[in-house]
Amino acid sequence: MRQNYTYRGVKGMRDVFPEEARRYQQLEQRARDLFSQYGCGEIRTPLVEHTVLFERGVGQGTDIVNKEMFYVPAKDEEAGPDALRRMVLRPEATASVARAYVEHEIDKTAGGVQRYYYMGPMFRYERPQKGRLRQFTQIGVELLGSPSPATDAEAIGMLFDYLQSLSLGTLTLMLNSVGCPECRPGYIQALQAFARLKHAGLCEDCRARLEKNTLRLFDCKKPECRAVMAQAPNIQSSLCAPCRTHQDQVLLYLTGIGITPKLEWRLMRGLDYYTRTVFEVVSENLGAQNAVAAGGRYDNLVSELEGPATPAVGWSMGMERILELMPAAAPVPMFDVFVVDPGPDTAGTFAHVTFLRRQGVRVGLEHEGRSVKALMKRADKVGARFTLFAGSGADTDRIELKNMASGEQVSLTWDEIAEHIRNF
RNA sequence: GUGGACGUAGCUCAAUUGGUUAGAACGCCAGGUUGUGGUCCUGGAUGUUGCGGGUUCGAGUCCCGUCGCCCACCCCA
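Only a predicted model underlies this, so the values are computations on that prediction, with no experimental measurement involved. (Residues numbered from 1 in each chain as written. Chains lettered and ligands numbered in written order. Predicted model: local features only at pLDDT ≥ 70, side-chain atom pairs only at ≥ 80, totals over all residues. Heavy atoms only, no water.)

Trainee: Report on helix H10 (residues 241-256), specifying residues and quantitative values.
Mentor: For H10, which comprises 16 residues, the first-to-last C-alpha distance of 23 Å matches the rise-based estimate of 22 Å (1.5 Å per residue) to within 8%. Residues of H10 that are buried make contact with helix H6 (149-164), strand S7 (171-177), strand S8 (262-263), strand S9 (275-283) and strand S10 (291-297). Phi turns positive one or two residues past the end of H10, at glycine 258, with a value near 80°. (Helix = DSSP H or I, 4+ residues; strand = E, 2+ residues; numbered from the N terminus. Expected span 1.5 Å × (residues − 1). Contact = heavy atoms within 4.5 Å.)

Here you go:
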């Protein structure tokens, strides 16, 4: 990698070359196939949104909004109120999906539960480290319009099935409930009361969290704090009856499809919009950034965004983190046939090759006029199953087609080649 | 934003207590008689040792700065 390069790419943003891009494509394909089985259709929302969407949707107090946004400067001539001139690169997509749902009045035009999946880049201005980039890719699912615990289970089931099909090593699915506006405030108060009593045993960061983001007290990694928090009041016993029932039902549905999440009462979420069910999938092989996917129910987000009361549930996963866990697949050959034509005049060969390509054959052809030996090496290196000797005197009707594995060589006309390869 | 490591050919690494033309494997390129690969053999190319400054007779080796990258914190996918 060149250092000190004047035109280098932006920090925390990667270039993906074909070999790796193929891995992304496989994940995407698998997602499209599976999610469509669940009746989900793809939704594509813009990479740029008004800042206020995330301030309102994700939450004013969250780090994502406070320090991780990529701002997009507005042009001077852009008119409108201030709020609509401030724009950012999206840090996540749930708020965008909810926004689109409201903006297009989907509840009126479509009716029923809306089931979407999305995939694409997200942007967060953070210091890069293992498993964390400034531009990263998420695949996510959002199911809007259903309050049913079965929908929670369905969303989790999709995620589970997806990850299961990728052989990623040991993954742990953790689940919890963060309650609702009815029962959560009471719990937070109880938690605060507890933490104030234990104030002396908490680290500096946690003392700050205590006031600003009480639920996040559980996220501290310091052993002292963890020890203290292990004694903290359990949100599970503070849940109101409807939340309690909801969770029981989710677990019941999950059990029915063979999924038994680990109930983790300390699991909270960093985004404000979650209600009731929250879950997270972690791997032990990812270093500090160990979450592969996370999500939950957000019954109030749509109405927060001036939409109709619309309960919803969804999740998203980080493709790069999944890729990190996936063993690199064996490289696939780029070509069926590689053409050996040392030149110098290759116009005829070029035309024939195009003829083959138009028949769907993947043909490799170099125009640099290298030696036969060099071209053969290349053919071998790129894994072509066949080589085709063209050019010079014998370029009229019959050309030689060599099977690279067996060494067999046959003489064919250009018209016969495509079929010969297809039948192999 | 905070802390800690690291930065030598395309890649992975080496270079005695600072000492003279900075090396190796792999990869790449070219050959090994006449247009046929994978193995083997021979030969070849590439580095302003990230950049800038300092100490020194002399620095890839030490010091400072800077940029980059990595890991961790914070936080999260």
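Okay, back to it.
Trainee: Tell me about the confidence of the model for chain A, and name the residues and values.
Mentor: When pLDDT is averaged along chain A, the result is 90; 97% of the residues meet or exceed 70. Averaged pLDDT values over the elements of chain A bottom out at 81 in helix H8 (residues 204-212) and peak at 98 in strand S1 (residues 41-42). Two summary scores accompany this predicted model of the complex, namely pTM at 0.91 and ipTM at 0.86. (pLDDT = per-residue confidence, 0-100.)

Trainee: Residues and numbers for the side chain of arginine 216, please.
Mentor: Tracing the backbone through its elements, the reader meets arginine 216 in the loop between H8 and helix H9 (223-229). Excluding anything up to four places from it in sequence, arginine 216 contacts Arg209, Arg269 and Gly270.

Trainee: Break down the nonpolar core for me, citing the residues and quoting the values.
Mentor: By size, the foremost hydrophobic cluster in this structure holds 59 residues, and its most contacted members are Phe54, Leu144, Tyr187 and Phe218. Per-element tally for this core: the top contributor is helix H4 (residues 94-103), with six residues. In contact with phenylalanine 218, not counting residues within four places along its chain, are Tyr187, Leu191, Arg226, Met229, Ala232, Pro233, Trp265, Arg266 and Met268. With 39 residues, the next largest nonpolar core counts Leu168, Leu254, Phe279 and Val313 among its residues. (Core = buried A, V, L, I, M, F, W, Y, C linked by side-chain atoms within 4.5 Å. Buried < 20%, exposed > 50% of the residue type's maximum accessible area, 1.4 Å probe, protein only.)

Trainee: Which residues make up the domain arrangement of chain A, and what values go with them?
Mentor: The domains assigned to chain A are domain 1 (18-183 + 239-325) and domain 2 (337-422). The gap between the C-alpha centroids of domain 1 and domain 2 is 49 Å. (Domains from an automatic or database assignment.)

Trainee: So what about H6? Which residues, and what values?
Mentor: Counted at 1.5 Å a residue, the expected span for H6 with its 16 residues is 22 Å, and the 22 Å between its end C-alpha atoms agrees. Among the residues making up H6, those that are buried are Pro149, Thr151, Asp152, Ala153, Ala155, Ile156, Gly157, Met158, Leu159, Tyr162 and Leu163. Backbone nitrogen of alanine 150 and a side-chain oxygen of the N-cap are separated by 2.9 Å at the start of H6; the cap is serine 148. (Polar contact = N/O pair within 3.5 Å; in protein donor to acceptor, adjacent residues only side chain to side chain.)

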